[in-house]
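# Observations on the model geometry
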Amino acid sequence: MAKVSPVKTPMREQPAAERIRNNDEVPFGYSPQEAVLEAKRCIMCKNPGCIEGCPVEIDIPGFIRLITEKKFKEGVTLLKEKNILPAICGRVCPQEEQCEKKCVLGVKNEPVAIGRLERFLADWEAEQGEAELPPKPAPTGKKIVIVGAGPAGITAAADLVRLGHKVDMFEALHQPGGVLVYGIPEFRLPKEIVFREINYLERLGVKLYTNQVIGMIKSIDELLNEYDAVFLGTGAGLPWFLEVPGENLNGIYSANEYLTRANLMKAYLFPKYKTPIVRGKRVATVGGGNVAMDCARTALRLGAEKSIIIYRRSLGEMPARNEEIHHAEEEGVIFQLLSNPAAFHGGENNWVKEVECIRMKLGEPDDSGRRRPVPIPGANFRMPVDVAVIAIGNSPNPLIPNTTPDIETGKWGNIVTDPETGKTSKPGVFAGGDVATGAATVILAMGAGKTAARSIHQYVMNK
Ligand code: FAD
């Protein structure tokens, strides 16, 4: 047997100094030769842990074997049986915590680069032209409405339309895609890829209506009069704030607003797009997740001379993906660790001028298993800033629960569902993704969309 390389086949990418001057995607992806080389590192375990580690149970060794045989078309077909968005998941899934974590090669060396291979197949398919459609199913005569066009809604819609149901999708924003378009920046996930997937969905027969805020234009009860079932995939778009003095000063954004202006409203293309955004020289982002990394890296691309992450724990506890932390470090983002804002101080016309932080130390682990940050009394310090972005989390928007009083909600405003079926407390209404779990991941939202689609199918067929 040929000797297996201990490390992943490297993926070429834009050099850091160059990429912070543009918004283009950072990694270039594998060539067919690189993909085959990497695929050959897989030792084809008898009991592959990688499938177990994948929330949607993709036949990972199956598609990897097809890559080694250069059967890329068959590889994509196999991949898409379980995952309708492989070009997206290959780019943004936390593989190091999922499939790659369970790869046996990872015990001693680097695991197989499963995410990069998934991305390769999806990109290869796109290069061949329009994706082939599956045969049209016989119509069931049932009508289903999907509320929210993020990964949960897209997956549920795709599965349901392929079962022969008529599927309508209502999206509040002027563009579909959810966080994939308004949150995750272009340099991590080119929007063209998201629109390609949406286009595929429409070719499958899903009717998409944008600028439709459900709860305002129509209630869930009104939808239930028109449709056989409702799926809620409305995400978690309500930002949390620190609730410290000075947080209302000018120049302080929620991560949602900052990224929406930069991405969806294309502020980075000024003056072609006139969206205003404050371009500070010193930008502080508060938080340690993927959202915070995206904000800090966006700030550099908008011209910040210093982009600082303020995080209350240490690097080891950061929830962001390793790759995002690594890319942020390479690009020059400064990590102000074990620090937490205690107040913001303003200058002329109430513009933010300084952030006052308190130093923290790590105490005993909390419910999340991570060591709890404990403030060090009197250890306050100030840093000059002219923009601050708060990226400490989100919860579901309360609009639908508020206008649907008989739907049960949880402690964080999430819609309560049975995770095995996606059923809510209201008959005929199903939900999944961030609206049910709170802010999580793309693949978990897709998994929830799939689960709900299965039980919606059973529900409408037995109605
Ligand atoms: P969303 O993607 O939020 O989509 C919900 C959709 O519903 C939105 O389009 C919204 O406009 C619409 N909607 C809301 N209310 C209504 C209404 N009343 N009527 C009609 N439509 C409505 N996950 C990863 O796996 N990897 C990453 O690298 C990663 N990075 C992230 C970076 C950022 C900046 C953010 C914010 C999140 C990131 N995530 C990442 C998390 C991931 O994007 C989410 O978990 C995922 O998008 C959730 O999918 P969803 O379909 O449940 O909701």
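Placed above this text is the structure.
Let me begin by describing the structure that accompanies this report.

Here is what the cut-offs are and how they apply
- Residues numbered from 1 in each chain as written.
- Predicted model: local features only at pLDDT ≥ 70, side-chain atom pairs only at ≥ 80, totals over all residues.
- Heavy atoms only, no water.
- Helix = DSSP H or I, 4+ residues; strand = E, 2+ residues; numbered from the N terminus.
- Rg over C-alpha atoms; globule rule 2.2 N^0.38 Å.
- Buried < 20%, exposed > 50% of the residue type's maximum accessible area, 1.4 Å probe, protein only.
- Contact = heavy atoms within 4.5 Å.
- Areas by Shrake-Rupley, 256 points an atom, 1.4 Å probe, with all protein chains shown as cover.
- Lys, Arg positive; Asp, Glu negative; His and termini not counted.
- Charge placed at Lys NZ, Arg CZ, Asp CG, Glu CD.
- Core = buried A, V, L, I, M, F, W, Y, C linked by side-chain atoms within 4.5 Å.
- Pairing = 2+ DSSP bridges.
- Axes fitted to C-alpha atoms, helices over the stretch in contact; angles between N-to-C directions.
- Salt bridge = Lys/Arg side-chain N within 4 Å of Asp/Glu carboxyl O.

## Quick word on the overall build of the chain
- What the chain contains, in helices and strands, is 18 helices and 15 strands.
- Relative to its length of 463 residues, the chain is compact, with a C-alpha radius of gyration of 23 Å against a globular reference of 23 Å.
- Counting every position in the chain, which comprises 463 residues, the buried fraction comes to 55%.
- For the chain, long-range pairs separated by at least 24 residues make up 69% of all intrachain contacts whose partners lie at least 6 apart in sequence.
- Carbon and sulfur atoms provide 52% of the accessible area of the chain, an area that totals close to 21,200 Å².
- The average position of the 57 basic charges and that of the 56 acidic charges among the side chains of the chain differ by 2 Å.

## Some thoughts on the nonpolar core
- Phe-63 and Ile-67 are the most contacted members of the largest nonpolar core, which totals 74 residues.
- Broken down by element, this core gets its largest block of residues, eight residues, from helix H18 (residues 442-461).
- When neighbours within four sequence positions are excluded, Phe-63 is seen to be in contact with Ile-58, Gly-75, Leu-78, Leu-79, Ile-114, Leu-117, Glu-118 and Leu-121.
- Grouped together as the second largest cluster of nonpolar side chains are 29 residues, Tyr-253, Tyr-258, Tyr-268 and Ala-299 included.

## Examining the sheet that holds strand S2 (residues 166-170)
- Overall, parallel pairing links the five strands, which are arranged S3-S2-S1-S4-S15 in an open sheet. Single-partner strands in this sheet number two, and they are strand S3 (207-209) and strand S15 (429-431). Within the sheet, the average angular offset between the axes of one strand and its neighbour, ignoring direction, is 20 degrees.
- As paired strands, S2 and S3 are joined by three bridges and run parallel to one another. The residue of S3 that forms the bridge with Met-169 is Leu-208.
- Relative to S2, helix H9 (residues 151-162) is tilted by about 165 degrees, and along the sheet it contacts strand S1 (143-147), S2 and strand S4 (229-232).

## Some points on the pattern of salt bridges
- Summed over the entire model, instances satisfying the criterion amount to 35 salt bridges.
- The residue Lys-73 makes a salt bridge to Glu-132 at a minimum N-O spacing of 3.3 Å. With Lys-73 in helix H5 (residues 72-82) and Glu-132 in the loop between helix H8 (114-127) and S1, the pair connects residues that are 59 residues apart, well separated along the chain.
- Between Lys-218 and Glu-226 there is a salt bridge, with its nearest N and O atoms 2.9 Å apart.
- A relative accessible area of 26% means that Lys-218 is categorised as partly exposed.

## A closer look at the environment of Pro-94
- With respect to the secondary-structure elements, Pro-94 resides in the loop between helix H6 (86-92) and helix H7 (105-108).
- The exposure class assigned to Pro-94 is buried, which follows from its relative accessible area of 13%.
- It is 8.1 Å that separates the C-alpha atoms of Pro-94 and Thr-441, two residues lying 347 residues apart in sequence.
- For Pro-94, the residues in contact, after removing those within four places along its chain, are Arg-321 and Thr-441.

## Remarks on unusual backbone geometry
- Note that the residue after Phe-270, namely Pro-271, is joined by a cis bond; omega there is 5 degrees.
- Considering the arrangement of structural elements, one finds Pro-271 in the loop between helix H13 (255-264) and strand S7 (282-286).
- Positive phi values are uncommon outside glycine, yet Met-44 reaches one of about 50 degrees.
- Inspection of the secondary structure puts Met-44 in the loop between helix H2 (32-39) and helix H3 (49-53).
- We classify Met-44 as partly exposed; its relative accessible area is 24%.
- The phi dihedral of Asn-211 falls on the positive side, at around 60 degrees, and the residue is not glycine.
- Structurally, Asn-211 is set in the loop between S3 and helix H12 (220-226).

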